[in-house]
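# Understanding the architecture of this molecule
Single-letter residue listing:
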Protein chains: 2
Amino acid sequence: MADPKYRQIADDLRRKIDAGELGVGEKPLPSEKELEASYGASRNTIRDAIKWLTTRGIVQTRPPQGTFVVRIDPFIIAMDRTNGFGGESAAYASEVEAINRKATVSKPRIEIQQASEAHVANELKIEGEATVLSRHQQRYIDGLPWSLQTTFYPMTLVQSLLQKGATRLLDAEDIPEGGVQYLQEHLGIKQLGFRDELRVRPPDTNETEFFDLPEDGSIAIFETRRTGFEEDKRPLRLTVTIFPVDRNQFVFDVGEVPDRPKSGAA
Amino acid sequence: MADPKYRQIADDLRRKIDAGELGVGEKPLPSEKELEASYGASRNTIRDAIKWLTTRGIVQTRPPQGTFVVRIDPFIIAMDRTNGFGGESAAYASEVEAINRKATVSKPRIEIQQASEAHVANELKIEGEATVLSRHQQRYIDGLPWSLQTTFYPMTLVQSLLQKGATRLLDAEDIPEGGVQYLQEHLGIKQLGFRDELRVRPPDTNETEFFDLPEDGSIAIFETRRTGFEEDKRPLRLTVTIFPVDRNQFVFDVGEVPDRPKSGAA
DNA sequence: CCGTATTTGTTCGTATGTATT
DNA sequence: CAATACATACGAACAAATACG
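Attention here is on the structure that accompanies the text. Residue numbers restart at each chain and count upward from 1, following the sequence in its written direction. Both sets of labels track the order of writing: A upward for chains, 1 upward for ligands. Restriction of local features to residues with pLDDT of at least 70 applies here, the model being predicted, together with a cutoff of 80 or more for giving and counting side-chain atom pairs; totals for whole chains, interfaces and linings are based on all residues. Side-chain descriptors were evaluated using all non-hydrogen atoms of the structure, hydrogens and water having been removed beforehand.

### Comments concerning the packing of aromatic side chains
Residues and elements named next belong to chain B. Centres within 6.5 Å make a pair out of two Phe, Tyr or Trp rings, where for Trp the six-membered ring is used; the pair is then stacked when the planes are under 30 degrees apart, edge-to-face when over 60, and tilted otherwise. A complete count under the given rule lists nine aromatic pairs over all chains for this structure. Pairing Y140 with F210 gives two aromatic rings, centres 5.7 Å apart and planes at 70 degrees, and the pair type is edge-to-face. Here Y140, found in strand β6 (residues 131–141), pairs with F210, found in helix α8 (residues 205–211); they are 70 residues apart in sequence, far enough to count as distant. Think of it in three bands: residues with accessible area under 20% of the maximum for their type are buried, residues over 50% are exposed, and the middle band is partly exposed, with areas taken using a 1.4 Å probe on protein chains only. By relative accessible area, Y140 is classed as partly exposed at 22%. Only DSSP runs of H or I reaching four residues or more are called helices, and only runs of E reaching two or more are called strands; each is numbered from the N terminus.

Printed below as a string of structure tokens:
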């Protein structure tokens, strides 16, 4: 036997999808029962074929309506300059709207907690039991969930702000110009550099739910961690941003490069 | 029923793996038959549990030896400055060896072809039927497959080189200092900037085989495309590099940031 | 080199639960 | 409430790849 039957079925379904014969518009693929009949395979074999397509992000099944072809216009995230994961919602919105899509941002959820999670303490170089303030926001494009972002500030910084009467970091309101700008205005602290770490991992339960990813964890997510540094290379804040890989792409420009073509086309 | 049985089994296996009770050393997990007995579940349910772990990159099964715990030290790819995907094997080797790991590079496979694949023609801004030269190399760390790299040069550039008697781009030999440097030396063409595009997608058949990824496509790959530009922002070359996401991580530094701790520790 | 045992891969069948329409 | 469609679970059989004597 050359190829397993479930692969042959999966390949045939994929061919039909690419050819536009299946899954056009809002219609789901034929049900498992129908496929069972048309391919002469048992239901479990059909399910294996569909699982193979699901793992590759080609289809997605929403019980009990059926299995749908996934078609997503990727959003291109420009990482030139200080852009990208900065946490400045105004910059994010203007970039999204430049390609005729609509950006929205949830109000932040504010938390004060021990920086016990190893990575936060580590990257903010906080000793032992220090506390941090976190601001967590959800971002949407055209109403679809697009990214999750959490920024951590050392509590010592927040207290310095409070002493000057600057309380916006504690408000559950968006800060369009970004928290870094706010720190600079009120404390004179400048972000002189930053480090981005980018990795890919399977989504956790929260992420799966928010992004409406398949339960089986087959669509991975980008996790980007931007640590900002002030004078003496001391860490200023840590911003963690989560993007599903299936709807995002990153672009970095260095030196003299041509303009990017207006994206957003299918 | 709170959680499905296969998830309970998967969670229990994961706990035991994290606690070091399972999969230590070179030993595989207990066989499906043994797990069947110890969990009182049918073989298919056991297989569902293992599939759940496989999709998350926690285990990998190699028939018919068994299922093994995956333990990989990620390699951190620094993207500061011109580093990263440049195609300079010397730079790559020194970065890898700085963390006490051994880098090797295959001899390149040279091909001359029509730039028919849409993306190549598009990014090199080549008209219609123009030809390109491609150099394809496989890179290893500690003997394990780590990345695949292909660089495309417009054939017109290659011909200019040949007229000056510079033939190394056609040799199936590594160019440690990189093809860009070679172009500059012999044609005086400088790369004044570049654009990196980074996206994540499921691996194709070749990639699955080379990297020894699970057949089910559950481990995604990074695809990075670096287009280099010379004067007048004309494209000079396109380098496509493929990394499996499970063994790589990217770091970008901008401005003043502290030194990175020596990585490579487990 | 051969045959056997082990282990996973694939496929079938069947039954029951659960969520949506 | 009923019908539909997917999710979970069990059992069984044969195939394919590898290890070992």
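### Quick word on the relation of the copies chain A and chain B
After a rotation of 179 degrees and a shift along the axis of 0.0 Å, chain A superposes on chain B with an RMSD of 0.2 Å. In short, the pair behaves as if placed about a two-fold rotation axis. Nearest to the rotation axis, the C-alpha of A:S218 is located 3.1 Å from it, this being the minimum over chain A. Residues count as neighbours in contact if any of their non-hydrogen atoms are within 4.5 Å of one another. Looking at chain A, 94% of its interface residues are interface residues in chain B too, so the copies touch through the same face. In this comparison the copies share one frame, found by least squares on the C-alpha atoms of residues holding pLDDT of at least 70 in both.

### Concerning the interface of chain A and chain B
Bring the parts together and some accessible area is lost; that lost area is often taken as the interface size. Each side of the interface is counted separately: chain A has 36 residues, and chain B has 34 residues. When a carboxyl oxygen of Asp or Glu lies within 4 Å of a side-chain nitrogen of Lys or Arg, that pair is called a salt bridge. There are two salt bridges connecting chain A and chain B. Between B:D253 and A:R195 there is a salt bridge, with its nearest N and O atoms 2.7 Å apart. Polar contacts, as used here, are pairs of N or O atoms within 3.5 Å; protein pairs need one atom able to donate a hydrogen and one able to accept it. Residues neighboring in sequence count only if both atoms are side-chain atoms. One can count 13 residue pairs in polar contact (both at pLDDT 80 or more) joining chain A with chain B. The dominant element in the side of chain A that touches chain B, judged by the number of residues it contributes, is strand β8 (residues 193–201) of chain A, at eight residues. Of the residues in the side of chain A that touches chain B, the class split is 15 nonpolar, six polar and 15 charged. Where strand β11 (residues 248–255) of chain A lies against strand β8 (residues 193–201) of chain B, six bridges are found, and the strand directions are antiparallel. Bridging from a neighbouring strand, A:F252 pairs with B:D196 of β8(B). Under this grouping Gly is polar, as are all residues other than the nonpolar Ala, Val, Leu, Ile, Met, Phe, Trp, Tyr, Cys and Pro and the charged Asp, Glu, Lys and Arg. Pairing between two strands requires that DSSP report at least two bridges joining them.

### Section: the nonpolar core
Nine residue types can take part in a nonpolar core, namely buried Ala, Val, Leu, Ile, Met, Phe, Trp, Tyr and Cys, and a core is a set of them joined through side-chain atoms within 4.5 Å. In this structure, A:V200, A:F222, A:F250, B:V200, B:F222 and B:F250 are the most contacted members of the largest nonpolar core, which totals 66 residues. Here A:F222 is in contact with A:L198, A:R199, A:V200, A:T241, A:I242, A:F243, A:P244, A:V245, A:N248, A:F250 and B:V200, once residues within four sequence places are set aside.

### Here we look at unusual backbone geometry
Unusually for a residue other than glycine, A:D142 sits at a positive phi of about 50 degrees. Its place among the elements puts A:D142 in the loop between β6 (131–141) and β7 (144–154).

### So, the pairing of β7(A)
All names here are of chain A. By the criterion of burial, β7 is predominantly enclosed, with ten of the eleven residues buried. Here ten bridges tie β6 to β7, and the two strands are oriented antiparallel to one another. Note that in β7 the partner of R139 across the bridge is S147. Looking at chain direction, β7 and strand β10 (residues 235–244) are connected through five bridges and run antiparallel. What sits directly across from Q149, in β10, is T241.

### Overview of the protein's contact with DNA strand C
Residue proximity to a molecule or strand is established when one non-hydrogen atom of the residue lies within 4 Å of it. The environment of DNA strand C is formed by 19 residues, the closest being A:K5, A:S42, A:T45, B:R43 and B:R47. Close to the protein, within 4 Å, the atoms of DNA strand C are drawn from sugar and phosphate at a rate of 67%. The separation between a phosphate oxygen of DNA strand C and a polar main-chain atom of B:E32 is 2.9 Å. In the model, a phosphate oxygen of DNA strand C is placed 3.2 Å from a nitrogen or oxygen of the B:T61 side chain. For the surface near DNA strand C, the secondary-structure elements that each account for two or more residues are α1 (5–18) and α3 (43–55) of chain A together with α3 (43–55) and β2 (66–69) of chain B. Of all the elements, α3(A) adds the most residues to the surface near DNA strand C, at three residues. A class-by-class count of the residues in the surface near DNA strand C yields six nonpolar, eight polar and five charged.

### Quick word on the packing of helix α6 (residues 155–163) of chain A against helix α7 (residues 179–187) of chain A
All names here are of chain A. The interhelical angle for the contact between α6 and α7, taken along N-to-C directions, is 50 degrees, at an axis separation of 10 Å. By the angle class used here, α6 and α7 are oblique. The way α6 lies across α7 gives a crossing that is left-handed. From α6, L157, S160 and L161 reach across to α7, where they touch Y182, L183, H186 and L187. Among the residues forming the contact of α6 with α7, the class breakdown is five nonpolar, two polar and no charged. Whenever a helix is involved, its axis is fitted only over the stretch in contact; in every case the axis is a line through C-alpha atoms, and angles between N-to-C directions fall within 0 to 180 degrees. Throughout this description, any angle smaller than 35 degrees is read as roughly parallel, any larger than 145 degrees as roughly antiparallel, any in the 65 to 115 degree range as roughly perpendicular, and the remainder as oblique. For any helix crossing, the convention is left-handed if the near helix is rotated counterclockwise from the far helix by under a right angle, and right-handed if that rotation is clockwise.

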